[in-house]
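Listed here are the chains, written in short residue letters.
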Amino acid sequence: QVQLVESGGGLVQAGDSLRLSCAASGRTFSSYAMGWFRQAPGKDREFVAAITLSGGSTAYADSVKGRFTISRDNAKNTVYLQMNSLKPEDTAVYYCAASLRRYGLTTISSYDYWGQGTQVTVSS
């Protein structure tokens with residue numbers, strides 16, 4: 001089992017940057033593909049980014065491509081989401097998630113464990 005704790009959220013202005021972190025417990029972090037999702041008020045949770053076990057492959061939602069970067073440090077049991085050029089529409093609770101699957105990492109149902117989320121608010 002994996003426990004996930006997100007941090008790094010906050011209130012920023014449009015155009016600013018934030019880096020989210022997700023710390024995982026357990027000794028098998030490198031066995032999980034990792035993803036970031038977000039949920040804005042009144043909207044469904046949506047895929048943001050995903051990264052494979054070794055970090056060799058990543059995927060992004062079209063809405064964040066070119067602005068967000070997902071990375072992981074298996075030695076630190078941590079996955080990151082660097083968010084640049086933030087927009088008001090990026091405002092949401094951001095969740096990290098862990099998956100034992102190797103495919104379908106853009107889909108919520110592919111993930112086995114979830115963190116509690118961290119709030120990101122971008123003012124215009």
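The structure reproduced in this document is the subject of the present report. Fair warning: this is a prediction, and the values are worked out from it, not measured in the lab.

Definitions and limits used
- Residues numbered from 1 in each chain as written.
- Predicted model: local features only at pLDDT ≥ 70, side-chain atom pairs only at ≥ 80, totals over all residues.
- Heavy atoms only, no water.
- Pairing = 2+ DSSP bridges.
- Helix = DSSP H or I, 4+ residues; strand = E, 2+ residues; numbered from the N terminus.
- Axes fitted to C-alpha atoms, helices over the stretch in contact; angles between N-to-C directions.
- Phe/Tyr/Trp six-rings, centres within 6.5 Å; stacked < 30°, edge-to-face > 60°.
- Buried < 20%, exposed > 50% of the residue type's maximum accessible area, 1.4 Å probe, protein only.
- Lys NZ or Arg CZ within 6 Å of the ring centre and 35° of its normal.

The 4 strands lie next to each other as β1-β3-β8-β7, forming an open sheet whose pairing is antiparallel. Two strands close off the open sheet at either side, each with one partner strand: β1 (4-7) and β7 (68-73). Strand-to-strand twist of the sheet, defined as the mean angle between neighbouring strand axes without regard to direction, takes the value 15 degrees. Inspection of the sheet shows β1 paired to strand β3 (residues 18-24) by 4 bridges, in the antiparallel sense. Following the sheet pairing, S7 is matched in β3 by S21.

Next up on the list: the packing of aromatic side chains. Here the structure, examined in full by the defined rule, presents 5 aromatic pairs. Between the aromatic rings of F37 and Y111, the centroid separation amounts to 5.1 Å while the plane-to-plane angle is 80 degrees, which identifies the pairing as edge-to-face. Here Y111 lies in the loop between β9 (92-99) and β10 (113-114) and F37 lies in strand β4 (residues 33-39), a separation of 74 residues in the sequence. Both residues of the pair, F37 and Y111, count as buried. Here the aromatic cluster, defined as three or more aromatic residues joined through ring pairs, consists of F37, F47, Y111 and W114. Sitting above the plane of the Y95 ring, R45 keeps its charged end 3.7 Å from the centroid. The positively charged end of R72 is found above the aromatic ring belonging to F29, 4.5 Å away from the centroid.

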